[in-house]
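Chain residues, written in single-letter form:
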Amino acid sequence: MKKTIILILVLLVVACNKKPEKSEKTLYLFNWSDYMPQEILDDFSKETGIKVIMDSYASNEEMYTKIAAGSSNYDIIFPSADYQEIMIKQNMLEKLDKTKIPNIIELNKEIISKIDFDPNLDYTVPYAVGATGIAVNKKYVKNYKKSYEIFEDTKLKGRMTLLDDGREVLTSALVYNGLDPRTSDDTALNKAKETILKWKNNIVKFDSESFGKGFSNEEFWVVQGYYENIAAQIDDTNKDNFEFFIPEKGGTMYIDSMVIPKGARNIDNAYIFMNYIHKPEVYAKIVDYFKIPSINDGAEKLRKTKAPYTLKDLDKTTLLKDLGPALEKHNYVWNEIKSSD
């Protein structure tokens with residue numbers, strides 16, 4: 001009897017730790033939180049018969065740590081450009097068979113040209129692009145430059161937030177000062193640090209989670225963040241007071257892409273999904289939902305909403321890419337900033 005119980009327990013442990021098997025009708029996604037309209041997933045399953053199971057993450061670091069630790073449970077992940085580059089260099093991604101993604105032809109050529117670490121899209125299929133900008137409540141903030149200089153305004157002290165993201169804030173400060181955003185020079189990094197400490201003196205906190213909600217309820221009047229996160233929280237009564245702009249100096253942009261990690265079990269389903277996403281009529285629903293610029297030229301002609309900025313506006317921004325050896329210094333400076341009084 002004891003042997004039987006032990007055998008059952010062993011089988012249960014094995015079953016619990018067993019990774020998902022290949023399935024002709026399943027697709028496992030690992031994506032940013034709230035970054036895929038449920039309607040798109042439902043319609044995809046209805047059209048293809050493929051069940052989508054999705055887990056979410058809050059940062060590239062969280063995603064990377066899980067994948068680097070050997071998790072091969074996922075068929076598609078959605079890293080930003082810097083982590084796409086890192087994962088390509090570290091041989092963590094499958095090389096794509098682009099004949100299975102014919103709708104890739106719909107991708108905007110200007111956006112593709114920015115992905116210089118994967119110019120032929122051998123590993124990446126861009127999903128979305130956008131800018132990190134600044135939102136201002138014009139009800140309380142009357143005269144301001146469209147610049148990071150706004151965070152130096154002592155009259156707004158206690159009413160502003162910056163992202164809790166070293167790459168975003170430090171890159172913004174470097175470009176704001178006319179410095180190389182990928183620098184490892186100590187003098188340049190100290191200059192950026194001094195600038196951010198001035199900003200820090202006026203902000204409530206570094207915040208990457210509640211800036212949209214805090215802005216919408218008028219707790220914060222100026223926030224660094226992403227249009228789609230902020231606009232989703234704004235109701236009609238406050239819409240006229242809301243302005244979002246890309247700073248004249250210091251603006252950053254992101255390109256998040258679909259990639260297939262090594263060890264994926266349902267690669268054919270991954271190709272079907274990537275191709276489905278870039279059907280113009282499908283991608284138009286995505287950009288209408290998030291109100292972001294369309295990187296799918298066919299979808300741009302079908303969309304019903306207007307984005308707050310264009311792909312051309314992104315030319316004045318800096319794409320966050322892999323820093324290489326400079327990353328350690330950037331992280332060190334950011335930690336000094338966060339820990340300073």
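Residues numbered from 1 in each chain as written. Predicted model: local features only at pLDDT ≥ 70, side-chain atom pairs only at ≥ 80, totals over all residues. Heavy atoms only, no water.

**Structural notes on the side chain of Asp207**
For step 1, the next point in the chain: Note that Asp207 resides in the loop between β6 (205-206) and α8 (211-216).
For step 2, the next point in the chain: Here Asp207 is buried and forms no salt bridge, its nearest opposite-charge partner Lys205 lying at an N-O distance of 4.3 Å.
For step 3, the next point in the chain: Within the structure, Asp207 has its side chain in polar contact with the backbone nitrogen of Glu209 (distance 2.9 Å).
For step 4, the next point in the chain: In contact with Asp207, not counting residues within four places along its chain, are Thr161, Leu162, Leu163, Asp164 and Phe220. (Helix = DSSP H or I, 4+ residues; strand = E, 2+ residues; numbered from the N terminus. Buried < 20%, exposed > 50% of the residue type's maximum accessible area, 1.4 Å probe, protein only. Lys, Arg positive; Asp, Glu negative; His and termini not counted. Salt bridge = Lys/Arg side-chain N within 4 Å of Asp/Glu carboxyl O. Polar contact = N/O pair within 3.5 Å; in protein donor to acceptor, adjacent residues only side chain to side chain. Contact = heavy atoms within 4.5 Å.)

**Here's the deal with empty space enclosed by the protein**
For step 1, the next point in the chain: Within this structure, the stated rule accounts for 1 cavity of 30 Å³ or more.
For step 2, the next point in the chain: A volume near 50 Å³ is recorded for the largest cavity.
For step 3, the next point in the chain: Surrounding the largest cavity, Asn137, Lys139, Phe215, Ser216, Glu218, Ile234, Asn238, Asn241 and Phe242 form its lining.
For step 4, the next point in the chain: Partitioning the lining of the largest cavity into residue classes produces 3 nonpolar, 4 polar and 2 charged. (1 Å grid on protein atoms, 1.4 Å probe; cavity = no way out; pocket = protein on both sides within 12 Å on 5 of 7 lines; lining within 4 Å. Points joined across faces, edges and corners; volume = space filled by probe spheres on them. Nonpolar A, V, L, I, M, F, W, Y, C, P; charged D, E, K, R; others polar.)

**Some thoughts on the packing of aromatic side chains**
For step 1, the next point in the chain: Within the structure shown, the criterion is met by 23 aromatic pairs.
For step 2, the next point in the chain: Ring geometry for Phe78 and Tyr127: centres 5.3 Å apart, planes at 80°, overall edge-to-face. Within this pair, whereas Phe78 is found in the loop between β3 (76-77) and α4 (81-89), its partner Tyr127 is found in strand β4 (residues 125-137), the two being separated by 49 residues in sequence.
For step 3, the next point in the chain: Given the relative accessible area of 0%, Phe78 is considered buried.
For step 4, the next point in the chain: The class of Tyr127 is buried, set by a relative accessible area of 0%.
For step 5, the next point in the chain: Ring geometry for Phe151 against Trp199: centres 6.2 Å apart, planes inclined by 45°, an arrangement best described as tilted. (Phe/Tyr/Trp six-rings, centres within 6.5 Å; stacked < 30°, edge-to-face > 60°.)

**Some words on the sheet that holds strand β1 (residues 26-32)**
For step 1, the next point in the chain: Overall, parallel pairing links the 3 strands, which are arranged β2-β1-β3 in an open sheet. Here the strands that pair on one side only, and so sit at the sheet edges, are β2 (51-57) and β3.
For step 2, the next point in the chain: By the bridge criterion, 2 bridges tie β1 to β3 in an arrangement that is parallel. In the sheet register, Phe30 faces β3, and the bridge partner there is Ile77.
For step 3, the next point in the chain: Where helix α3 (residues 60-68) meets the sheet, it contacts β1, β2 and β3, and its direction lies at approximately 140° from that of β1. (Pairing = 2+ DSSP bridges. Axes fitted to C-alpha atoms, helices over the stretch in contact; angles between N-to-C directions.)

**Looking at the packing of helix α6 (residues 166-176) against helix α7 (residues 186-202)**
For step 1, the next point in the chain: Here α6 crosses α7 at 110°, and the two axes come no closer than 9 Å. In terms of axis orientation, α6 runs roughly perpendicular to α7. Of α7, the residues touching α6 (which contributes Val169, Leu170, Ser172, Ala173, Leu174 and Tyr176) are Ala188, Leu189, Ala192, Thr195, Ile196 and Trp199.
For step 2, the next point in the chain: Here the contact of α6 with α7 is composed, by residue class, of 10 nonpolar, 2 polar and no charged. (Parallel < 35°, antiparallel > 145°, perpendicular 65-115°, else oblique.)

**What to know about unusual backbone geometry**
For step 1, the next point in the chain: Residues other than glycine seldom take positive phi values, yet Leu121 does so here, at roughly 55°.
For step 2, the next point in the chain: With respect to the secondary-structure elements, Leu121 resides in the loop between α5 (109-114) and β4.
For step 3, the next point in the chain: The backbone of Glu218 shows a phi angle near 70°, a positive value even though the residue is not glycine.
For step 4, the next point in the chain: Relative to the helices and strands, Glu218 resides in the loop between α8 and β7 (222-226).
For step 5, the next point in the chain: Taking relative accessible area as the criterion, Glu218 reaches 19% and is therefore assigned buried.

**Describing α4**
For step 1, the next point in the chain: Counting buried positions over the 9 residues of α4 gives 8, a clear majority of the element.
For step 2, the next point in the chain: For α4, the full list of buried residues reads Ala81, Asp82, Tyr83, Gln84, Glu85, Ile86, Met87 and Ile88.
For step 3, the next point in the chain: Packed against the buried residues of α4 are α3, β3, α6, β9 (252-258) and β10 (318-319).
For step 4, the next point in the chain: A positive phi of about 55° marks Asn91, the residue just after α4.

**Some thoughts on the confidence of the model for the protein**
For step 1, the next point in the chain: Per-chain confidence: the protein averages 91 in pLDDT, with 93% of residues scoring 70 or above.
For step 2, the next point in the chain: Across residues 1-21 the pLDDT falls below 50, and counting only partners more than four positions away or on other chains, this stretch makes 9 contacts in the model. (pLDDT = per-residue confidence, 0-100.)

**So, the pattern of salt bridges**
For step 1, the next point in the chain: Applying the stated criterion to the full structure yields 19 salt bridges.
For step 2, the next point in the chain: Of the charged contacts, one joins Glu39 and Lys285 as a salt bridge, the two residues approaching to 3.8 Å between their closest N and O atoms. Placement of the pair is Glu39 in helix α2 (residues 38-48) and Lys285 in helix α11 (residues 280-290), with a sequence separation of 246 residues.
For step 3, the next point in the chain: Classification of Lys285 as partly exposed rests on a relative accessible area of 38%.
For step 4, the next point in the chain: Here Asp315 makes a salt bridge to Lys114, at a shortest N to O gap of 3.2 Å. Within this pair, whereas Asp315 is found in the loop between α12 (297-302) and β10, its partner Lys114 is found in helix α5, the two being separated by 201 residues in sequence.
For step 5, the next point in the chain: Judged by relative accessible area, which is 39%, Asp315 ranks as partly exposed.
For step 6, the next point in the chain: Exposure remark for Lys114: the relative accessible area of 21% places this residue in the partly exposed category.
For step 7, the next point in the chain: Here the residues in one salt-bridge network are Glu39, Asp43 and Lys285, joined through shared partners.

**Regarding the side chain of Thr124**
For step 1, the next point in the chain: Examined against the element boundaries, Thr124 turns out to sit in the loop between α5 and β4.
For step 2, the next point in the chain: Within the structure, Thr124 has its side chain in polar contact with the side chain of Asp118 (distance 2.8 Å).
For step 3, the next point in the chain: Beyond its immediate chain neighbours, meaning those up to four positions away, Thr124 contacts Gln84, Ile88, Leu96, Ile115, Asp118, Ser257, Met258 and Val259.

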